[in-house]
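# Remarks on the overall topology
Chain by chain, the residues:
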Amino acid sequence: MKLEFHQIGLLDDSPEHGAVRTELSWGCSPTVDGVTGICDKRGHMKATMIKALAAATVATVLLSSEAMAQGAGRLDKIRESGSITLGYPETSVPFAYLDGNQKPIGYTVEICEQVVQAIKTALKLPKLEVRYNPITSATRIQLLANGTIDLECGNTTNNVERHKLVAFAPTTFVAQVVLVARKDGGVDVNDPASFRGKAIAAQAGGQTFKVITLINARENLSITVVPAKDTAETFLLVSTGRVAGTANDDGLAYATVASSRTPDDFLIGSKSLETAPYGIVQPKDDPAFKKMVDDAVIDLMKSGQIAALYDKYFNSPIPPHGLNLKFPMSAALKRALANPTDSGDPAVYE
């Protein structure tokens, strides 16, 4: 795997789930691989291989976390290297995305940058190099566990299952999983049953993929759940008619539809399929690092800086095209900011 730092900046003292048929777009060729049974005739990875790779990923994450716990902590690594690496998704408007100059920006990105400033101050470093590494929902946890990134600054759902692999900072957004579809698609975005026998796209490795998969299995809807790389790809699939709808978090759904060329052609569900709290993702079993990050986030909450960043990215024009989402802060998020928590239980936010 090739990893690239898209941008380097400096902080110094000077002026980013029973019968389900999936089709993955990951590279896989029977001829190139030279192994039978891994790929189908279209060059797509078979479900059995996908499951094996998923299990291997979990094992790698656990082993990497254990190795990190036994060695130096992240604070030691940051102090010694004089640098910190932030992972971010490239198309998760307004949480983390690229501006017109290909610079990572967004609500969660700026929260992370404020946390980095607090770490720099706490460690009494004259300067701290900030590196930005793009991630996807399928790679973020492994890259955090193996040390490629130090914090994941996007729109990752904090749930109990993920606490086995990583840690979360206090919640800074509370999303609702909803369905999105074209108005002429002949489906009801508030009724998953209306998608029976059709296809729904969701991000591979994301909570939305798991949510729609579980609903599909529980209600026996024969929906084809199509994994996509990121938010942009899920929307491309529905906008071009390759799928009947997408499962996405409401903040991302509104931003994606609003920034499209024909926003009036789409419908966004108002029925929540699941509550999805977001938090900055941190390495597991590194209490000193977690305390420093959590304390910094809580300070930002208490000072009102997170509320100000929310207004900047959800209720004001944002780069690169001046889009204003006009998306008021929910009562659930207001409660989370007033009473900081890193709980992965959705009931805590209801």
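Residues numbered from 1 in each chain as written. Predicted model: local features only at pLDDT ≥ 70, side-chain atom pairs only at ≥ 80, totals over all residues. Heavy atoms only, no water.

### Here's the deal with the pairing of strand β12 (residues 245–249)
- The buried fraction of β12 amounts to five of the five residues, a majority that puts the element mostly inside the structure.
- Side-chain alternation along β12 places Gly 245, Ala 247 and Asp 249 on one buried face and Thr 246 and Asn 248 on a second face that is also buried.
- Sheet topology note: the strand β9 (residues 173–182)/β12 ladder contains five bridges and is antiparallel. Each bridged residue has a counterpart across the sheet, and for Val 178 the counterpart in β12 is Asn 248.
- Of the strand pairs in this sheet, strand β10 (residues 199–203) and β12 are connected by two bridges, and their pairing is parallel. What sits directly across from Ile 200, in β12, is Gly 245. (Buried < 20%, exposed > 50% of the residue type's maximum accessible area, 1.4 Å probe, protein only. Helix = DSSP H or I, 4+ residues; strand = E, 2+ residues; numbered from the N terminus. Pairing = 2+ DSSP bridges.)

### A look at the side chain of Asp 99
- Relative to the helices and strands, Asp 99 is located in the loop between β4 (96–98) and β5 (104–105).
- One buried charged residue, Asp 99, remains without a salt bridge, the closest side chain of opposite sign being Lys 103 at 5.6 Å.
- Apart from the residues lying within four places of it in its own chain, the contact partners of Asp 99 are Ile 105, Pro 319 and Pro 320. (Lys, Arg positive; Asp, Glu negative; His and termini not counted. Salt bridge = Lys/Arg side-chain N within 4 Å of Asp/Glu carboxyl O. Contact = heavy atoms within 4.5 Å.)

### Overview of the pattern of salt bridges
- Taken as a whole, this structure holds eleven salt bridges when the rule is applied.
- Between Asp 294 and Lys 290 there is a salt bridge, with its nearest N and O atoms 2.8 Å apart. Here the residue Asp 294 and the residue Lys 290 both occupy positions in helix α9 (residues 287–303), the gap between them amounting to four residues, near one helical turn. Each member of the pair Asp 294 and Lys 290 is classed as buried.
- One salt-bridge network, in which partners are shared between bridges, spans Arg 74, Lys 77 and Asp 150.

Distances and angles like these do not, on their own, reveal function.
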